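# Descriptive analysis of the structure
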Amino acid sequence: MAGESPRRPTERVDHLVVRRSNLGLVLRTLRDSGPRSRARLADDTGLNKATVSSLVAELIDRGLVAESGIDRGGAVGRPGVVVELDGRCVYGVGAEINVDYVALIVLDLRGMVVSERRLAMDVPRMGPDLVLDRIGAVLTETVASLTSAGATLAGITVAIPGLIAAASGRLSFAPNLGWRDVPVIDELARRLGHPRYPIRLGNDANLSAIGEWAFGPAAGTANLVYLTGEVGVGGGVISEGRLLPGWAGYSGEVGHMPLQPDGEICGCGRRGCWETVVGLAALLRRVADEDDPVRDPSLDLENRLAEISRRAAGKDARTLAALDQIGSGLGIGASILANVLNPEVIVLGGYFATMGPYVIERMMAELRARVVAPDVGGCRVEFSRLGFTAAVRGGAHLALEAVLADPTCVTPAREREPA
């Protein structure tokens, strides 16, 4: 129009940045707080009603939000239309490489499980190349099935029990896998044809903590410690609602606290680490002889743990004695974390959750005896209900965060074409 100054490029860039931020704000509000009317969204976000209506229209166009009913709310005047998170066209994938298995899960933006798989595998024996071939093939098949109908893949996050150089996508050291200095992301990207969607690498305990914070029984707890119960023992710490990755990203290696300096040799090469006392290998060594099927890594881990639970329920003396030792060791190590971090909740994951009824009494006795603050510092202990899916759920959740940060990365439905 005559007399108007043309918008400068920097102004347009700033406008786009603000709009992306506001789109993400509306999307996160619907995810975290549930369905609501446009008017209520305006109140919750502090944006004006016209802006919210425009943002919601764009999010609907991109398939991220849907109208779901009428909000009468008891107020005078015309009722508002409720909108809710949709995102069934957007997926995040979480994958995990662990000692006895590889696994993956696909979540949509609502956090609903679309598909999941777990394959029993002797990862240390097979080595990086063969394992990455196998998981690369499973991921290729999974991604093809998702994108064939024109869906958007937000990304893939891979969990590994070890020290992760997250910026470079390299695994520095995974003692229980026997892997050292493996460029996991580069190798997976090559096997997947160097895709445009991001592939990230994370420590399994940290991703499990994110999974518990997002989906577990303690979801939303601002100060939380998650403990993995697998061959390796790791910890993920959520502080004031944020993961504590550590200065170089190496936090959470609680399994290597030296609790018994003259104890068993650990996979890391040191002696008496906490995981030599309470890790899965310690449990299996105590409950069964070497030729017992529960110690066969080629068999599904959950089936082996179910057999141990059956023996414990049947009052097998050896099994109960082993679990009592695990409970004691678990309480001693957890008391150190409770004294240092004072979490609101400690979540026991992996096999710790499966065997929870048989270890909790002894664990709590140790906590009460060793935590300096009264009443264990107000900390409670809960069992994960995510089983061995905590890390992959956390990984898929993290992959989907890219959409919440920038919803414009999802192509509007009318522009999508089946692959």
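Residues numbered from 1 in each chain as written. Predicted model: local features only at pLDDT ≥ 70, side-chain atom pairs only at ≥ 80, totals over all residues. Heavy atoms only, no water.

## Quick look at the pattern of salt bridges
Rules: A carboxyl oxygen of Asp or Glu within 4 Å of a side-chain nitrogen of Lys or Arg is what we treat as a salt bridge. A helix here means a DSSP run of H or I that spans at least four residues, while a strand means a run of E at least two residues long, and both kinds are numbered starting from the N terminus. Accessible area is worked out with a 1.4 Å probe on protein chains only. A residue is then buried under 20% of its type maximum, exposed over 50%, and partly exposed in between.
With the rule as written, the count across this model stands at 27 salt bridges. A salt bridge links Arg191 to Glu187, with the shortest nitrogen-to-oxygen separation between them at 2.8 Å. Of this pair, Arg191 and Glu187 both sit in helix 5 (residues 184-191), separated by four residues, roughly a single helical turn. For Arg191, a relative accessible area of 19% gives the class buried. Salt bridges here are not isolated pairs; linked through shared partners, they connect Asp133, Glu187, Arg190 and Arg191.

## What to know about the side chain of Glu230
Under the convention used in this document: For the charge count, each Lys or Arg is scored as positive and each Asp or Glu as negative, with His and the chain ends excluded. In this description, contact between two residues means that some pair of their heavy atoms is separated by no more than 4.5 Å.
Residue position: Glu230 is located in the loop between strand 12 (224-227) and strand 13 (235-239). There is no salt bridge for the buried Glu230, and the closest opposite charge comes from Arg118, which lies 8.9 Å off by N-O distance. Not counting chain neighbours up to four residues away, the residues in contact with Glu230 comprise Glu96, Asn98, Tyr101, Gly279, Leu280, Tyr351 and Phe388.

## Digging into the packing of aromatic side chains
Filter applied, for reference: Aromatic pairing here means that ring centres of Phe, Tyr or Trp (its six-membered ring) are within 6.5 Å. Orientation follows from the plane angle: under 30 degrees is stacked, over 60 is edge-to-face, and everything else is tilted. Criterion for a charge above a ring: Arg CZ or Lys NZ at most 6 Å from the ring centre, at most 35 degrees from the ring normal.
This structure, assessed with the given rule, holds two aromatic pairs. Taking the centre distance of 6.2 Å and the plane angle of 75 degrees together, the rings of Tyr101 and Phe388 count as edge-to-face. On the criterion of sequence distance, the pair formed by Tyr101 in strand 5 (residues 101-108) and Phe388 in the loop between strand 16 (380-383) and helix 13 (390-405) is long-range, its members being 287 residues apart. A relative accessible area of 3% places Tyr101 in the buried class. With 4.9 Å between their ring centres and 50 degrees between their planes, Tyr351 and Phe352 make a pair best called tilted. Take Tyr351 and Phe352: they sit in the same class, and that class is buried. Directly above the ring of Phe173 sits Arg180, whose terminal nitrogen or CZ lies 4.1 Å from the centroid.

## Details of the environment of Arg270
Its location among the elements puts Arg270 in the loop between strand 14 (242-243) and helix 7 (274-278). Sequence spacing of Arg270 and Leu367 is 97 residues, and the spatial spacing of their C-alpha atoms is 26 Å. Among residues more than four places away in sequence, those in contact with Arg270 are Glu264 and Ile265.

## So, the side chain of Arg393
With respect to the helices and strands, the residue Arg393 is situated in helix 13. For the buried Arg393, no salt bridge is present, and the opposite-charge side chain at shortest range is Glu116, 5.2 Å distant. If we ignore the near neighbours within four places in the chain, the residues touching Arg393 are Ile105, Leu107, Val113, Gly211, Phe215 and Leu386.

## Overview of helix 6 (residues 204-215)
What counts, and what does not: For a helix, the expected span equals 1.5 Å multiplied by the residue count minus one. For the purposes of these results, a polar contact is taken to be a pair of N or O atoms within 3.5 Å, where, inside protein, one atom must be able to donate a hydrogen and its partner to accept one; residues adjacent in sequence count only when each atom of the pair is a side-chain atom.
Counted at 1.5 Å a residue, the expected span for helix 6 with its 12 residues is 16 Å, and the 16 Å between its end C-alpha atoms agrees. For helix 6, the tally of buried residues reaches nine of 12 residues, placing the bulk of the element in the interior. N-capping of helix 6 is provided by Asn203, with a side-chain oxygen placed 2.9 Å from the backbone N of Ala205.

## Quick notes on the nonpolar core
Heads up, the condition is: Note on terminology: a nonpolar core comprises buried Ala, Val, Leu, Ile, Met, Phe, Trp, Tyr and Cys residues joined through side-chain atoms within 4.5 Å.
With 107 residues, the main nonpolar core has Ile97, Ile156, Ile160, Trp179 and Leu227 as its most contacted residues. At nine residues, the largest contribution of residues to this core is made by helix 4 (residues 123-147). Core analysis: the next-biggest nonpolar cluster, separate from the first, contains nine residues, Ala209, Leu224, Val345 and Val347 among them.

## What about the pairing of strand 7 (residues 152-160)?
Look at any regular strand and the pattern is simple: side chains alternate between the two faces of the sheet. Formally: In this analysis, strands are considered paired if DSSP registers two or more bridges between them.
The buried fraction of strand 7 amounts to nine of the nine residues, a majority that puts the element mostly inside the structure. Sheet topology places strand 4 (residues 90-97) next to strand 7; seven bridges connect them, and they run parallel. Paired with Gly94 across the bridge in strand 7 is Thr157. Strand direction decides the pairing type here: strand 7 and strand 11 (residues 199-203), joined by five bridges, are parallel.

## A look at the sheet that holds strand 4
Rules: To get an axis, a line is fitted to the C-alpha atoms, and for a helix only the part in contact is used. The angle between two axes follows their N-to-C directions and goes from 0 to 180 degrees.
If you walk across this open sheet you meet the five strands as 6-5-4-7-11, and the pairing is mixed. Only two strands of the sheet have a single neighbouring strand rather than two, namely strand 6 (113-120) and strand 11. Strand-to-strand twist in this sheet, taken as the mean axis angle between neighbours without regard to direction, amounts to 15 degrees. The strands touched by helix 5 within the sheet are strand 7 and strand 11, with strand 11 carrying the most contacts at an inclination of about 145 degrees. Sitting on the sheet, helix 13 touches strand 4, strand 5, strand 6, strand 7 and strand 11, and the angle it makes with strand 4 is about 145 degrees.

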